[in-house]
Amino acid sequence: MALKTASTNGMWMLEDCKRSFMEMKWKKVHRYIVFKIEEKSKKVAVDKVGAAGETYHDLAASLPEDDCRYAVFDFDYVTVDNCRLSKLFFITWSPEASRIREKMMYATSKSGLRRVLEGIHYELQATDPTEMGFDKIQDRTK
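In the nomenclature of an unreviewed UniProt entry, the protein corresponds to ADF-H domain-containing protein from the organism Brassica cretica. Quoted verbatim from the Sequence similarities (unreviewed entry) heading of the UniProt record, the comment on the protein is "Belongs to the actin-binding proteins ADF family."

The following block contains the structure:
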């Protein structure tokens with residue numbers, strides 16, 4: 001059973017959120033995690049977890065067209081010096097078609113969630129798929 005952990009501006013983050021994040025960060029068993037706010041219970045919960053073999057395109061395809069979400073993506077790449085690196089991206093997905101109340105709820109809860117998920121390297125905010133294209137991820141790591 002999931003337990004409440006840290007407060008995120010009036011929202012509670014379920015324990016499985018932190019556990020899934022740590023598994024992704026340290027054990028590399030997930031490529032991405034999508035979080036959602038359960039409005040009635042005021043809790044941040046895991047919506048979807050991408051297996052290690054999934055891609056950024058799978059993450060982008062899993063985001064709803066009319067609902068907000070948070071996502072963390074583990075981006076692996078090779079530098080010009082031939083070093084393998086990994087960077088964690090925090091993505092705030094707030095599409096134009098989502099409700100204003102929902103956008104406000106996600107915007108005010110973001111900083112609290114970011115504090116709990118330690119080790120994020122980059123942050124990205126998007127309202128449509130072009131704002132979070134794979135090229136944007138690659139550009140940030142250069």
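Visitor: In this structure, what is going on with the nonpolar core? I would like to understand it.
Guide: Note that soluble globular proteins tend to have their nonpolar side chains buried in a common cluster. In terms of nonpolar packing, the biggest core is built from 22 residues, with Phe21, Phe35, Val44, Val72 and Leu117 touching the most fellow members. Of all elements in the fold, only β2 (11-14), α1 (15-27), β3 (30-38), β4 (43-51), β5 (69-78), β6 (84-93) and α3 (100-116) reach the threshold of two or more residues within this core. Of all the elements, α3 adds the most residues to this core, at four residues. Not counting the four nearest positions on each side in its chain, Phe21 is found in contact with Ile33, Val72, Leu88, Leu117, Glu118 and Ile120. Grouped together as the second largest cluster of nonpolar side chains are 16 residues, Leu59, Leu63, Phe73 and Phe89 included.

Visitor: I keep staring at the pattern of salt bridges and nothing clicks. Help me out?
Guide: Pairs may arise between side chains of opposite charge once their charged atoms sit close together. Scanning the entire structure with this criterion turns up nine salt bridges. Among the ionic pairs, Glu39 bridges to Arg101, the shortest N-O distance being 2.8 Å. One end of the pair, Glu39, is in the loop between β3 and β4; the other, Arg101, is in helix α3, and 62 residues separate them in sequence. Between Lys142 and Asp139 there is a salt bridge whose closest N-O contact spans 3.8 Å. For Lys142, a relative accessible area of 80% translates into the label exposed. Residue Asp139 is classed as partly exposed on the basis of its relative accessible area of 46%. Residues joined in a network through salt bridges with shared partners are Lys36, Asp47 and Arg69.

Cut-offs and rules
Residues numbered from 1 in each chain as written. Predicted model: local features only at pLDDT ≥ 70, side-chain atom pairs only at ≥ 80, totals over all residues. Heavy atoms only, no water. UniProt positions renumbered as here; feature names shortened; annotations may be inferred. Core = buried A, V, L, I, M, F, W, Y, C linked by side-chain atoms within 4.5 Å. Buried < 20%, exposed > 50% of the residue type's maximum accessible area, 1.4 Å probe, protein only. Helix = DSSP H or I, 4+ residues; strand = E, 2+ residues; numbered from the N terminus. Contact = heavy atoms within 4.5 Å. Salt bridge = Lys/Arg side-chain N within 4 Å of Asp/Glu carboxyl O.

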